[in-house]
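An overview of the molecular structure
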Amino acid sequence: MNKVIRYFKSLMMIELWQGLGVTFKHMFKPKFTVFYPEEQIPKSNRFRGIHALRRYPNGEERCIACKLCEAVCPALAITIDSEMRDDGTRRTTRYEIDLFKCVYCGFCEESCPVDSIVLTDFADFHMEDPKESILDKQQLLALGDRFEESISKNRQQDAAYR
Amino acid sequence: MNSPDNNLVNIEIDGIATTAAKGSMIIEVADRIGVDIPRFCYHPKLSIAASCRMCLVDVEKAPKPMPACATPVMEGMKVFTESKRAVDAQRGIMEFLLINHPLDCPICDQGGECELQDQAVGYGRSVSRFSESKRVVEDKDIGPLVQTEMTRCIHCTRCVRFLEEIAGTDELGGIGRGDRLEIGTMVARSIDSELSGNVIDVCPVGALTNKPFRFSARAWELMARASVSSHDGVTSNLYYHTRRNEILRCVPRDNEALNECWISDRDRYSHYGLRSDERLHEPMVKDSNGSWQIVDWDVALDAAAEILTDAGEDLGMLLSPSAFNEEYLLASRLLKGLGGKNIDSRLRETTFTDDASRQIQFECQLSEMAKADAVLLIGSNIHEDAPILGHKVRQAWLKNQAAIYAVMPRNYNYHFDCAETSVIEPGKMLGQLLSIAKALGESLDTRSLQANVANAVENAAADEFATHAANALKAADNALLLVGKMALSHPQADWIRALAQAISQAVAGRCNLIADGGNSTGARYYGAQPADGGLDVAQMLENPAKGWVLWNVNPALDFDHPALVQTALAAGKVLAVSSFNSDAILANADVILPLAATAESEGSLMSFDGQLQQVSAASKAPGMSKPGWKILHRLGTQLGLEGFEFSRLGSLEMPEECAAVRTDFEFAELEVSNGLNRLGEVGIYSVNAECRQSAPLQDTHLASRAVISMNPEDISTRDLSPGATVTATQGDQQIHLVLKSDPSIAAGCVLLPAAMAETAHLGSAWAAIEVEAK
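The paragraphs below set out a description of the structure included in this document.

Thresholds applied
- Residues numbered from 1 in each chain as written.
- Chains lettered and ligands numbered in written order.
- Predicted model: local features only at pLDDT ≥ 70, side-chain atom pairs only at ≥ 80, totals over all residues.
- Heavy atoms only, no water.
- Buried < 20%, exposed > 50% of the residue type's maximum accessible area, 1.4 Å probe, protein only.
- Helix = DSSP H or I, 4+ residues; strand = E, 2+ residues; numbered from the N terminus.
- Arc of directions from axis to C-beta.
- Axes fitted to C-alpha atoms, helices over the stretch in contact; angles between N-to-C directions.
- Parallel < 35°, antiparallel > 145°, perpendicular 65-115°, else oblique.
- Left-handed = near helix turned anticlockwise from the far one by under 90°.
- Contact = heavy atoms within 4.5 Å.
- Nonpolar A, V, L, I, M, F, W, Y, C, P; charged D, E, K, R; others polar.
- Pairing = 2+ DSSP bridges.
- Buried area = accessible area lost by both parts, 1.4 Å probe.
- Salt bridge = Lys/Arg side-chain N within 4 Å of Asp/Glu carboxyl O.
- Right-handed = clockwise from strand over helix to strand, strands pointing away.

**Quick notes on helix α1 (residues 26–33) of chain B**
Residue and element names in this part refer to chain B. Within α1, the full set of buried residues consists of Ile26, Ile27, Val29 and Ala30. On an axial view of α1, the arc spanned by its buried residues comes to 160°, and they lie on one face. Among the residues trailing α1, glycine 34 stands out with phi positive, at a value near 85°.

**Some thoughts on the packing of helix α11 (residues 426–439) of chain B against helix α13 (residues 464–475) of chain B**
All names here are of chain B. Contact geometry of α11 with α13 gives a least axis separation of 8 Å together with a crossing angle of 55°. Classified by the interaxial angle, the pair formed by α11 and α13 is oblique. With respect to the hand of their crossing, α11 and α13 are arranged in right-handed fashion. Along the contact surface, α11 presents Gln432, Ser435, Ile436 and Ala439, while α13 presents Phe465, Ala466, Thr467, Ala469, Ala470 and Lys474. A class-by-class count of the residues in the contact of α11 with α13 yields six nonpolar, three polar and one charged.

**Notes on unusual backbone geometry**
All names here are of chain A. The omega torsion across tyrosine 36 and proline 37 is 0°, close enough to zero to call that bond cis. The topology assignment puts proline 37 in the loop between α2 (14–27) and β1 (51–53). In this model, tyrosine 104 sits at a positive phi of 55°, which is unusual for a non-glycine residue. One can find tyrosine 104 in the loop between β3 (90–98) and α4 (107–111). Residue tyrosine 104 is classed as partly exposed on the basis of its relative accessible area, which comes to 21%.

**Side note on the sheet that holds strand β3 (residues 56–59) of chain B**
Residue and element names in this part refer to chain B. Here five strands make up an open sheet; going across it, the order is β2-β1-β5-β3-β4 and the pairing mixed. Across the chains shown, the open sheet's two edge strands, defined by having one partner strand only, are β2 (16–21) and β4 (66–67). Examined bridge by bridge, β3 and strand β5 (residues 77–80) share two bridges and lie antiparallel to one another. Following the sheet pairing, valine 59 is matched in β5 by valine 79. Strands β1 (8–13), β2, β3 and β5 of the sheet are contacted by α1, whose axis makes an angle of about 125° with β2. Lying over the sheet, helix α2 (residues 84–100) contacts β3 and β5, oriented at roughly 160° with respect to β3.

**Examining the interface of chain A and chain B**
Many authors give the size of an interface as the accessible area that is lost as the parts come together. Taken together, the contact pairs 17 residues of chain A with 13 residues of chain B. For the pair chain A and chain B, the summed buried area comes to about 1100 Å², and 53% of that belongs to carbon and sulfur atoms. By the criterion of area lost to chain B, the three top residues of chain A are Lys67, Met84 and Arg90 of chain A, representing 45% of everything that side buries. Linking chain A to chain B there are four salt bridges. Where the side of chain A that touches chain B is concerned, the elements lending two or more residues are α3 (68–72), β2 (78–84) and β3 of chain A. Of all the elements, β2 of chain A adds the most residues to the side of chain A that touches chain B, at six residues. Residue classes in the side of chain A that touches chain B are distributed as seven nonpolar, four polar and six charged.

**Details of the pairing of strand β22 (residues 547–551) of chain B**
All names here are of chain B. Within β22, five of the five residues are buried, which leaves the element mostly enclosed by the surrounding structure. Residue alternation in β22 divides its side chains into two sets, Gly547, Val549 and Trp551 and Trp548 and Leu550, and both sets are buried. Pairing geometry for strand β15 (residues 315–319) and β22, over five bridges, is parallel. Looking across to β22, one finds that glycine 316 is bridged to tryptophan 548. Taken together, the five bridges between β22 and strand β23 (residues 573–578) define a ladder with parallel strand orientation. Each residue of the ladder has a partner; that of glycine 547, found in β23, is lysine 573. As for the winding sense of the linkage, the β-α-β connection from β22 through helix α18 (residues 562–570) to β23 is right-handed.

**Section: the pattern of salt bridges**
Two side chains that carry opposite charge are able to pair once their charged atoms sit near each other. Across all of its chains, the model carries 48 salt bridges over all chains by this definition. We note a salt bridge from glutamate 113 of chain B to arginine 249 of chain B, for which the minimum N-O separation is 2.8 Å. Note that glutamate 113 of chain B is positioned in the loop between α2 and α3 (115–123) and arginine 249 of chain B in strand β12 (residues 246–252), a separation of 136 residues in sequence. Overall, glutamate 113 of chain B belongs to the partly exposed group, its relative accessible area being 30%. For lysine 371 of chain B, the salt bridge goes to glutamate 368 of chain B, with nearest N and O atoms at 3.3 Å. Exposure remark for lysine 371 of chain B: the relative accessible area of 46% places this residue in the partly exposed category. Exposure remark for glutamate 368 of chain B: the relative accessible area of 27% places this residue in the partly exposed category. Put simply, Lys67, Asp81, Arg94 and Glu96 of chain A together with Glu221, Arg243 and Arg244 of chain B are held in one network by salt bridges that share partners.

Encoded structure:
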């Protein structure tokens, strides 16, 4: 009996019409394709994109060279050298992140006592030369300056859950 | 369980039954059996302050928690370190300590190796209940070696007790009471103890930290590599902390037989010299035009081998007194293979007539020195000769009330009180020793002395100082004679050694010679001193050789008579193997081979009392420089000599027996000098190139300064005025320097430091000198 039903169903191409039904249904629904990069999908405020070093509003860099991020980094992607700056404060002379090593786990951000190293929500980056994979201190600070607005907004939104 | 020994008591700590010596403290017993009690102020080498109260423990039947560091054990005592009462007390103390301690561990240099941080993890609250403002204390500037951040101080007073009890300089103290207590120097000044760096290690928090190291690395990034210091014969054990193959700092390594748990500042900060611009990186050869060419090792070694074979048996080897045993052994084999005999490492000494009777003379072991009850210091600024030995003598004075007598050319600033001192010009020091020998009377066996020495003793007159010193030494059970670097480089050192030996025998005491260099014992033992008729350094310089080997020495700074050295070297071809470059090496050498420093190569050193210390490389040697044994091994095999058939340092067999000594000798006649004599001291931080290149050490007050110092009487009789520039003349060499009046210097001598670039062109450190107004 089942064999007969299956024979008639296949003869009438019912499964094909069912599939086409889904297709036609979506012709009348709003599209969810985005025109990247002109259009962006919404991101979580906890999105972990490229790194940045932040500054205080007065322009002073936040990083105090405590090296906790370097210690916590599971991929050993961070390298820091530090010394005493002329004003007696503890500062980095070198702060480098190797983007090829980084696994974007966000531990550096978690460990930072002064919210200096952060992962921004910016992930649209590329490099043409393998040497460019290492971000130095000036590049990281520049990234921080560029994304400060979104960084502080994201952190504000997330503050209640920290 | 009843102990049959009356001096032992039975106690129980956390249920572990044990016996302990009567009068010992709970914390000592707990440490021994492995029960951990938190503490800040307690330090096993320092007196008990019981000021931090962190070690409060619960003692059965006691009405309140007791401090474990200050509670003696008693029979049947039951101690609980983890009961609720004990832990509550410890938590309470921790909360009080953290009230005024800043909570900014991320910017504190002690972060990661801080005792307070560690204890706070175990005993601290997760959230502070203290909302009032914290105390702030101004930082003190206590010199270029130790950084202060006094707000972090928890008033454990370990640093105060260290400087008072171990260093003996009383430079820090507490001012004020309660929460206004501040640790400081009272008047603004630096800490000038030669052991000052140890306050960094004893400080449990980040109040006192390493200044040159400040903010440069974290404890967790550093690799601790065990090593040994080669600046003095104590061969202090230490750790170099390295990161990415670079030495960043140095801390002590415990060795009760040598340095206990301390190291001198010289050992701690000298490694900064290793990074200096003066380091040699490449082999160099002087071409026919006299200009230097950087070449590769093969070319340089060919040139070096040529110098050696050309010289043949007429080769003079002058080695640093701080080289490795293996280097001494291989250098002497190389020399022997070439047929030569002239080798020496006692570059600052001037008299060698008594080489026959000279053995390694350090009769009192380092660990026994603190047990002496009478000490005679002969020409020894012991705190600068070997800071750890100064500590040992101070312990003898402190714990045994040792009577200390000193014969010295200027009143050295000892960190102990001398019973009596004799401050006399160097030329009269021998007379003072003869006088002590005379005062010993019958107990001194003159028959064991050479005839002319015995005669001189006969003819001497015992003065008051000599009588007192002789009586004190005779009365002592453990008399100790220490002959310092100054006395050993003295032109009459042969007599001084003979008399020191005779006096120590007469009083059944022991005699220690504090020789220059970090491995003088090894040099003697492994053949770096002349034997079988070989020439000593003085004879070598008088009869210049055709070829020279300079092993890690600076011809201008590491000899008694730099001018003489330069003339001698000019007569032959010179192969310089050195870690550091210098104008003098560039001017005198023909081939330069870069040598790895002690911290960068493997080998062994021998302490004053003959303890063998193995060293392994802590960091990578810069550029092309190579360890000394490899250089000598390569030269030896290239020349096809015997004794170089090994491939690893470990397979090199070291001799069991000490090399033979010369047997032909006679004491030179006594000469008493008139007029002014130079007192050419080698400063504590001028002993070798590594120290001289270390910027932090050169910034201290203890570093040598190029000034002429004289007794005020000498100044007034010569119509000079202190503060003015004067001209000092030695032979045909002159120097213009500022004159300083210093009443601690004996009349008749002029203190003008040696081993400084400014004074390098002058003559012997002991010769006559004239000073006149410019």
